[in-house]
Amino acid sequence: MLLDNDLRPGDALRAALARGDLSQVEQAANTRSWREANVAPPQGPLATLNEIRTANLRGRGGAGFTTAFKWESCRNAQGEQRYVVCNADEGEPGTFKDRVLLASHADLVFEGMTVCAYVVGAGRGFLYLRGEYRYLLEPLEEVLARRRRDHLLGRDILGTPGFSFDIEIHVGAGAYICGEESALIESLEGKRGIPRNRPPYPVTHGYLQRPTTVNNVETFCAAALIAARGGDWYRATGTAKSAGTKLMSVAGDCARPGIYEVPFGTTVADILDMSGAGNTQAVQISGPSGTCIGPDEFERRIAFEDLATAGAFTIFDGSRDMFEVARNYAHFFAHESCGFCTPCRVGTAILAATMDKIHEGHGTPYDLDEIATLDRVLNQSAHCGLGHTSCNPTLDTIKRFRPAYDLHLKQLDFEPAFDLDGALRRARQMTGRDDPGAHLATEPEA
Amino acid sequence: MSASLTFTLDGREIPFAPGQTVLQAALTADVYIPHLCYHPEFKPHGSCKVCTIKADGRHVSACTWPARHGMVVENATDELDDLRRTLVQMLFAEGNHFCPSCEYSGHCLLQAVGYDLQVETAGFRHFFPVRPVDASHAEVWLDLNRCILCELCVRASDEVDGKHVFGLSGRGAGKHLIVNALSGRLADTDMAATDKAAEVCPVGVILKKKAGFRVPIGERPFDREPVSAQAARYAPRPPTRRREED
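Keep in mind the model is a prediction, meaning the values are calculated, not measured.

Student: I tried to follow the overall build of chain A on my own but got confused; where do I start?
Tutor: On a plain count of helices and strands, chain A comes out with 19 helices and 9 strands. Scored against the burial criterion, the 446 residues of chain A give a buried share of 50%. Taking the intrachain contacts of chain A between residues at least 6 apart in sequence as the baseline, contacts between residues at least 24 apart amount to 69%.

Student: What is the right way to read the overall build of chain B from this model?
Tutor: Across its full length, chain B holds 5 helices and 10 strands. Compactness check: chain B gives a C-alpha radius of gyration of 18 Å against a globular reference of 18 Å for 246 residues, within 12% of the reference. Scored against the burial criterion, the 246 residues of chain B give a buried share of 42%. Of the contacts formed within chain B by residues at least 6 apart in sequence, a portion of 66% connects residues at least 24 apart.

Student: For this particular structure, what's the right way to read the pairing of strand β2 (residues 12–15) of chain B?
Tutor: Each regular strand shows side chains that alternate between the opposite faces of the sheet. Residue and element names in this part refer to chain B. Sheet topology note: the strand β1 (residues 6–9)/β2 ladder contains 4 bridges and is antiparallel. In the sheet register, threonine 6 faces β2, and the bridge partner there is proline 15. Linking two consecutive strands that pair antiparallel, namely β1 and β2, is a turn of 2 residues; a positive phi of about 50° is found at aspartate 10 within it.

Student: Just checking my understanding: could you explain the nonpolar core for this structure?
Tutor: One broad trend across soluble globular proteins is that nonpolar side chains are buried collectively. In terms of nonpolar packing, the biggest core is built from 189 residues, with A:Val109, A:Val115, A:Cys116, A:Ala223, A:Ala224 and B:Val22 touching the most fellow members. By residue number, the principal contributor to this core is helix α6 (residues 106–120) of chain A, which donates 11 residues.

Student: Help me understand the sheet that holds strand β5 (residues 245–252) of chain A, please; the structure alone is not making it clear to me.
Tutor: For sheets, the rule is that strands pair by backbone hydrogen bonds, running either parallel or antiparallel. Residues and elements named next belong to chain A. One open sheet accounts for 5 strands, arranged β6-β5-β9-β7-β8; its pairing is mixed. Every interior strand has two partners, whereas the edge strands, β6 (258–263) and β8 (291–293), have only one. Adjacent strand axes in the sheet meet at a mean angle of 25° when their direction is disregarded. For β5 and strand β9 (residues 312–317), the ladder comprises 4 bridges, and the chain directions are parallel. Across the sheet, residue alanine 251 finds its bridge partner in β9, namely threonine 314.

Student: I keep staring at the interface of chain B and chain A and nothing clicks. Help me out?
Tutor: Counting residues at the interface gives 23 residues for chain B and 23 residues for chain A. Considering each element in turn, the side of chain B that touches chain A owes the most residues, 7 residues, to helix α2 (residues 78–94) of chain B. The residue makeup of the side of chain B that touches chain A, split by class, is 10 nonpolar, 8 polar and 5 charged.

Student: Can you help me understand the environment of B:Pro18 in this one?
Tutor: All names here are of chain B. Following the sequence through the fold, proline 18 ends up in the loop between β2 and α1 (22–28). The exposure class assigned to proline 18 is exposed, which follows from the 10 C-beta atoms found within 10 Å. As for proline 18 and leucine 117, which are separated by 99 residues in sequence, their C-alpha atoms are 31 Å apart.

Student: Explain helix α4 (residues 67–76) of chain A to me, please; I cannot follow it from the model alone.
Tutor: Judged by how many residues are buried, α4(A) sits mostly within the fold: 7 of 10 residues are covered. Of all the residues in α4(A), the buried ones are A:Thr67, A:Ala68, A:Lys70, A:Trp71, A:Glu72, A:Cys74 and A:Arg75.

Student: I would appreciate a short explanation of the packing of helix α14 (residues 342–359) of chain A against α2(B) in the present structure.
Tutor: Angle between the axes and distance between the axes: these two values describe a pair of packed helices. Where α14(A) meets α2(B), the closest approach of the two axes is 10 Å, and the angle between their N-to-C directions is 60°. Between α14(A) and α2(B), the crossing angle belongs to the class labelled oblique. The crossing of α14(A) and α2(B) is left-handed. Along the contact surface, α14(A) presents A:Thr342, A:Pro343, A:Val346 and A:Gly347, while α2(B) presents B:Leu87, B:Met90, B:Leu91, B:Ala93 and B:Glu94. Broken down by class, the residue content of the contact of α14(A) with α2(B) amounts to 6 nonpolar, 2 polar and 1 charged.

Student: I keep staring at the sheet that holds strand β2 (residues 124–129) of chain A and nothing clicks. Help me out?
Tutor: All names here are of chain A. The strand order β3-β2-β1-β4 describes an open sheet built from 4 strands, whose pairing is parallel. The strands lining the two open edges of the sheet, one partner per strand, are β3 (166–171) and β4 (212–216). Strand-to-strand twist across the sheet, computed as the mean angle between neighbouring axes with direction ignored, equals 20°. Taken together, the 6 bridges between strand β1 (residues 83–88) and β2 define a ladder with parallel strand orientation. When the bridges of β2 are listed, cysteine 86 appears paired with leucine 127. Along the sheet, helix α10 (residues 217–229) makes contact with β1 and β4, crossing β4 at roughly 95°.

Student: Looking at this structure, I do not really get the confidence of the model for chain B. What am I missing?
Tutor: Low pLDDT means the predicted coordinates in that region are not meant to be read closely. Per-residue confidence for chain B gives a mean pLDDT of 95, with 96% of residues at or over 70. Predicted as a complex, the structure gets a pTM of 0.91 and an ipTM equal to 0.95.

Student: Help me out: how do you make sense of the pairing of β2(A) in this one?
Tutor: Residue and element names in this part refer to chain A. Across the 6 residues of β2, 5 count as buried, placing the element largely inside the fold. Pairing geometry for β2 and β3, over 6 bridges, is parallel. Directly across from phenylalanine 126, in β3, lies its bridge partner glutamate 168. The parallel pair β2 and β3, bridged by helix α7 (residues 137–149), forms a crossover whose chirality is right-handed.

Student: Sorry, what's going on with α14(A) here?
Tutor: For an α-helix the count is 3.6 residues per turn, leaving residues at separations of three or four pointing the same way. For α14(A), spanning 18 residues, the distance from its first C-alpha to its last is 25 Å, which sits close to the expected 26 Å at 1.5 Å a residue. Directly after α14(A), the chain includes A:Gly361, whose backbone phi takes a positive value near 90°.

Student: I'm lost on unusual backbone geometry in this one. Help?
Tutor: Outside of glycine, negative phi angles account for most residues, and trans bonds account for most peptide bonds. Residues and elements named next belong to chain A. Each neighbour pair has its own omega, and for arginine 198 with proline 199 the value is 0°, a cis peptide bond. Looking at the secondary structure, you find proline 199 in the loop between α8 (181–188) and α9 (202–205). Residue proline 200 is bonded to the preceding proline 199 through a cis peptide linkage, with omega at 0°. With respect to the helices, strands and loops of the structure, proline 200 is situated in the loop between α8 and α9. Positive phi is not limited to glycine here, since asparagine 56 has a value of about 55°. With respect to the secondary-structure elements, asparagine 56 resides in the loop between α3 (43–55) and α4.

Student: How should I be thinking about the confidence of the model for chain A in this particular structure?
Tutor: Residue-level pLDDT values for chain A average 92, and 93% of them are 70 or greater. Across residues 22–42 of chain A, where pLDDT falls below 50, the model places 12 contacts with residues more than four positions away in sequence or in other chains.

Student: Got a minute to help me understand the environment of A:Leu412 in this structure?
Tutor: Assignment of secondary structure puts A:Leu412 in the loop between α18 (402–406) and α19 (425–431). Sequence-wise, A:Leu412 and A:Ala236 are 176 residues apart; in three dimensions their C-alpha atoms are separated by 57 Å.

What counts, and where the lines are drawn
- Residues numbered from 1 in each chain as written.
- Chains lettered and ligands numbered in written order.
- Predicted model: local features only at pLDDT ≥ 70, side-chain atom pairs only at ≥ 80, totals over all residues.
- Helix = DSSP H or I, 4+ residues; strand = E, 2+ residues; numbered from the N terminus.
- Buried ≥ 20, exposed ≤ 12 C-beta atoms within 10 Å, placed from the backbone.
- Contact = placed C-beta atoms within 7 Å.
- Rg over C-alpha atoms; globule rule 2.2 N^0.38 Å.
- Pairing = 2+ DSSP bridges.
- Core = buried A, V, L, I, M, F, W, Y, C linked by C-beta atoms within 7 Å.
- Axes fitted to C-alpha atoms, helices over the stretch in contact; angles between N-to-C directions.
- Nonpolar A, V, L, I, M, F, W, Y, C, P; charged D, E, K, R; others polar.
- Parallel < 35°, antiparallel > 145°, perpendicular 65-115°, else oblique.
- Left-handed = near helix turned anticlockwise from the far one by under 90°.
- pLDDT = per-residue confidence, 0-100.
- Right-handed = clockwise from strand over helix to strand, strands pointing away.
- Expected span 1.5 Å × (residues − 1).

This is the structure:
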């Protein structure tokens, strides 16, 4: 649907521009009086918005927010200038679908942004490009230049008076947190990438405190397809609650890793089959901030109503230690926490240290309880999704792969993380002592 | 102005003015919600999360959450106080806080909130970070061991003093306060003891020299009365230059 689309540059825009009047008449016939519908503002953008709504398009970045609602809120927000931002800060471990879209379908991405600009009435757009994707900058600039020459960007797009929009590429500096939309906007403004206090939300107070629509790369691509082919066409694929297709970044222990486009409703088992995975122990869906599932759940479906995902699909076969997988992810979150709020800044560091303690053979069941407490604190008080989800990989693996943890745990109720006897090492060196009296027992005496 | 805007906080009616947040309205009504990074003279920051409440069933920061008419807020519940206790413990574990030898004891908001929430231990393994003291400046010294990263000094220096002396750098557990000078030393900035930035620190990172122990231990604001009994002191007000009470 998306990867094999045959749209030429401008097709979606032409369809959107052409849609206007007809829909206006239809709406008048179907709803209230002809006169009432006719006094509404120009129907062109609203007609396209209706297609997006009909398509039931939801955000592809993971959260699944209804795109039409976001666009409409931005369109209706007060402000002298509106902005469209494409979130290409693809940082979730295990996801790489946006890279493919930007490298092979850049026109579709920009077309979707331009359709969005037409609908919400934006004059400027930004593509926030992940720092690690800097090598895509020149090719993307070339596409933008060509689109300007073809009047698909710039003043009076396709000869439509007043429809002016241009796109600027902003390269990030490699922070995972900038994938969070309000942190991304802060970064666009040249500030540190720290999520904002919400409300207000970006649709009303985004870039420079003005109405801003932020969508994922894949969402814009889907929006362009919908503008060209219509909402009913799009909705015919997928499930009742999740329309269309999803790009999956399949990686890990499988014969054919890569990008797979699947209709919503596809099972995990199907994707494992397609990619030639065998002896699969676990699949991390949507990266560490998503869900880790085991074989008894492989019949679950990729869909907003079951396994919602931004696209990462990381496969672990029987040879992997799922405890170590979770420990790695715990360090990832501790490294990427922006440090703004107490629970995330301190909590992610404590989680990583606790996982290290277990790794080093000093862990006890008490530590697992502590992790559950940390999770509660982070969920109740962290400033953004990074903190909320940072314990997910650990909790999911404790729940589903407990034996992997038990191998590392001591069967004591509690053991301190520090080595009591080791702490005296320097004192022994300084005093030249090594007799029994200069040592402390670390195991409790029976 | 509409006279009848109210929400309920633990069953009590709290009036509020349009634009006020839950914390601002509560403190104006002399009702205490624990907080650390909030300061009555500054825009709420929302970083310490100690003021977390349940507004209509949802956990949010009271300092930044807009008050809405008819909203039902839970504040002094065991669940929320447990959460706050853990957050305060996290801050004690993260920095190097040695209350018995700290000049700011009795003035320190972290200590006061800790006492108020009956925090008895840090609860977590201490991080023991290495944070140097900067005593280079003639009038003011910095003990970064106590920093809780509330950014009040950053904000005061930017917004009130117009000097931009402080900033935050790094991220995650490596986040730390920096001084805006090539040398990184306070002496090489235009900081003065009369700056707003010198009086807003809630935990005694920024201390004035030659003024230590001017108020004896035992007679300081939080020695006299727990912080929870001093809610009105934190009611929002426009930025002033100096507080005479300390």
